[in-house]
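# Results of the structural survey
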Amino acid sequence: MRAADRRTSVLKSGVKRLLGRAGFDIVRSANNLGGVDDFIPFEATMRAARAAGLSVGDHIDEVMNGTPGATQSTIDELRALGVFAANPNTVLEIGPGSGRYLEKTLKECSPDRYEIYETAEPWADYLVDTFSVVAQPTAGCSLSPTPDGSIDLVQAHKVFNTVTFLCASRYFFEMARVTRPGGRIVFDVMTETCLTPAAVSAWATQGGAGHGSYPAALPRRTCVDLFATLGCSLEASFLAPMGVATTEVLVFTKEA
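Residues numbered from 1 in each chain as written. Predicted model: local features only at pLDDT ≥ 70, side-chain atom pairs only at ≥ 80, totals over all residues. Heavy atoms only, no water.

## Considerations on the overall build of the protein chain
When you go through the protein chain residue by residue, the secondary structure sums to nine helices and seven strands. Scored against the burial criterion, the 256 residues of the protein chain give a buried share of 45%. Residue pairs at least 24 apart in sequence account for 68% of intrachain contacts in the protein chain once pairs closer than 6 positions are excluded. Summing over all exposed atoms, the protein chain offers an accessible surface of approximately 12,100 Å²; the carbon and sulfur share of this is 55%. (Helix = DSSP H or I, 4+ residues; strand = E, 2+ residues; numbered from the N terminus. Buried < 20%, exposed > 50% of the residue type's maximum accessible area, 1.4 Å probe, protein only. Contact = heavy atoms within 4.5 Å. Areas by Shrake-Rupley, 256 points an atom, 1.4 Å probe, with all protein chains shown as cover.)

## Observations regarding the packing of helix α2 (residues 42-52) against helix α6 (residues 121-131)
Put simply, α2 and α6 touch, their axes get as near as 9 Å, and they point 50° apart. The orientation of α2 relative to α6 falls into the category oblique. Contacts from F42, T45 and M46 in α2 reach P122, W123 and Y126 in α6. (Axes fitted to C-alpha atoms, helices over the stretch in contact; angles between N-to-C directions. Parallel < 35°, antiparallel > 145°, perpendicular 65-115°, else oblique.)

## Observations regarding the packing of aromatic side chains
In the structure shown here, the tally under the stated rule is twelve aromatic pairs. When the centroid spacing of 6.0 Å and the interplanar angle of 50° are considered together, the rings of F160 and Y171 count as tilted. With F160 in the loop between β4 (151-156) and α7 (165-178) and Y171 in helix α7, this residue pair connects regions lying eleven residues apart in the sequence. On the basis of relative accessible area, Y171 is assigned to the buried category, the value being 5%. An aromatic cluster of three or more residues is present, and its members are F160, Y171, F172, F187, F227 and F252. (Phe/Tyr/Trp six-rings, centres within 6.5 Å; stacked < 30°, edge-to-face > 60°.)

## A word on the pairing of strand β7 (residues 245-254)
If a strand is regular, its side chains alternate between the two faces of the sheet. Counted residue by residue, β7 has eight buried out of ten residues, so it is predominantly covered. Here six bridges tie strand β5 (residues 179-189) to β7, and the two strands are oriented antiparallel to one another. Opposite I185, over in β7, you have F252 as the bridge partner. Where strand β6 (residues 232-242) meets β7, ten bridges bridge the pair, whose relative direction is antiparallel. Looking across to β7, one finds that M242 is bridged to A245. Following β6, the chain reverses through two residues before pairing antiparallel with β7; G243 in that reversal takes a positive phi of roughly 55°. (Pairing = 2+ DSSP bridges.)

## A look at unusual backbone geometry
P215 follows Y214 through a cis peptide bond whose omega is -5°. Mapped onto the secondary structure, P215 falls in the loop between α8 (197-206) and α9 (220-229). With a phi angle near 60°, S132 is a residue other than glycine that sits in the positive phi range. Within the element layout of this structure, S132 appears in the loop between α6 and β3 (134-135). The exposure class of S132 is exposed, given its relative accessible area of 63%.

## Points about α6
Every buried residue of α6 is accounted for by W123, A124, Y126 and L127. Projection of α6 onto a plane perpendicular to its axis shows the buried side chains occupying an angular sector of 160°, all on one side. Away from its buried face by more than 90 degrees, α6 exposes E121 and D129. Buried positions along α6 lie against α2, α3 (56-64), α5 (100-108) and β2 (113-117). S132 sits one or two residues past α6 and shows a positive phi near 60°. (Arc of directions from axis to C-beta.)

## Section: the confidence of the model for the protein chain
When the pLDDT values of the protein chain are averaged, the result is 85; 84% of them are 70 or greater. Of the regions scoring below 50 in pLDDT, residues 5-37 engages in 35 contacts with residues more than four places distant in sequence or in other chains. (pLDDT = per-residue confidence, 0-100.)

## Brief notes about the sheet that holds β3
Spatially, seven strands are ordered β3-β2-β1-β4-β5-β7-β6 in an open sheet, and the strand pairing comes out mixed. Both edges of this open sheet fall to β3 and β6, since each of them pairs with a single strand only. As judged from the two bridges shared by β2 and β3, these two strands associate in the parallel manner. Bridging from a neighbouring strand, E115 pairs with V134 of β3.

## Digging into the environment of L81
Tracing the backbone through its elements, the reader meets L81 in the loop between α4 (70-80) and β1 (90-94). Taking the C-alpha atoms as reference points, L81 and V251, 170 residues apart in sequence, are found 9.0 Å from one another.

## Describing the side chain of Q136
As for its position among the elements, Q136 is in the loop between β3 and β4. With near-sequence residues (within four places) excluded, Q136 lies in contact with R113, E115, I116, Y117, P145 and T146.

Below, the structure is given as structure tokens:
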């Protein structure tokens, strides 16, 4: 092994050990999409949640992310905005991961069909078995198996601040396509609203190892203007905890 290769191997091993002490594993995705190859490890997370006597979602919020109650606070805000009051009959979630938002969404409404697009197969299988959702085949930037105008509520949480700009943009077009007139689109992005000097300093000094695309920022105006061209108007927005700072949740309505 060349000296440079040995140094790289030692560095990677050291990083993995440090993350392991903090409760994280590095897992290589079969689909290397937009540089996102760090998924929450399935088996280790399930074991840790059981040992702590917590639900998977609460374990991730409280222990792994250090933001207790973050998922529930987002759901509470969406409830207050009336997102669930329309009793969406069809829901689609991009990147549900462990299902912590999915589980709480199902406590707010009872859709006949809940589609998920999840690239981490162990988590996708777990969600299908646990919640009887429909796992669609995914290429990581398309919702092509879902017909036009067929979904009442499209959502993605903690997804678009972990992928590249082009990956997020392609999903935005797809989200508008599959949403029915009058339906809602909910997602969060790390906008300039979230990037005060103090927040940037926190990310730079306390944000941890991260990976190739996390945390990714995207201008708020870009999102609002793009969705306006797709017939979707911004209804509301609010900040939610993410890592050492915040992310901004945007709620759009597709015009009739």
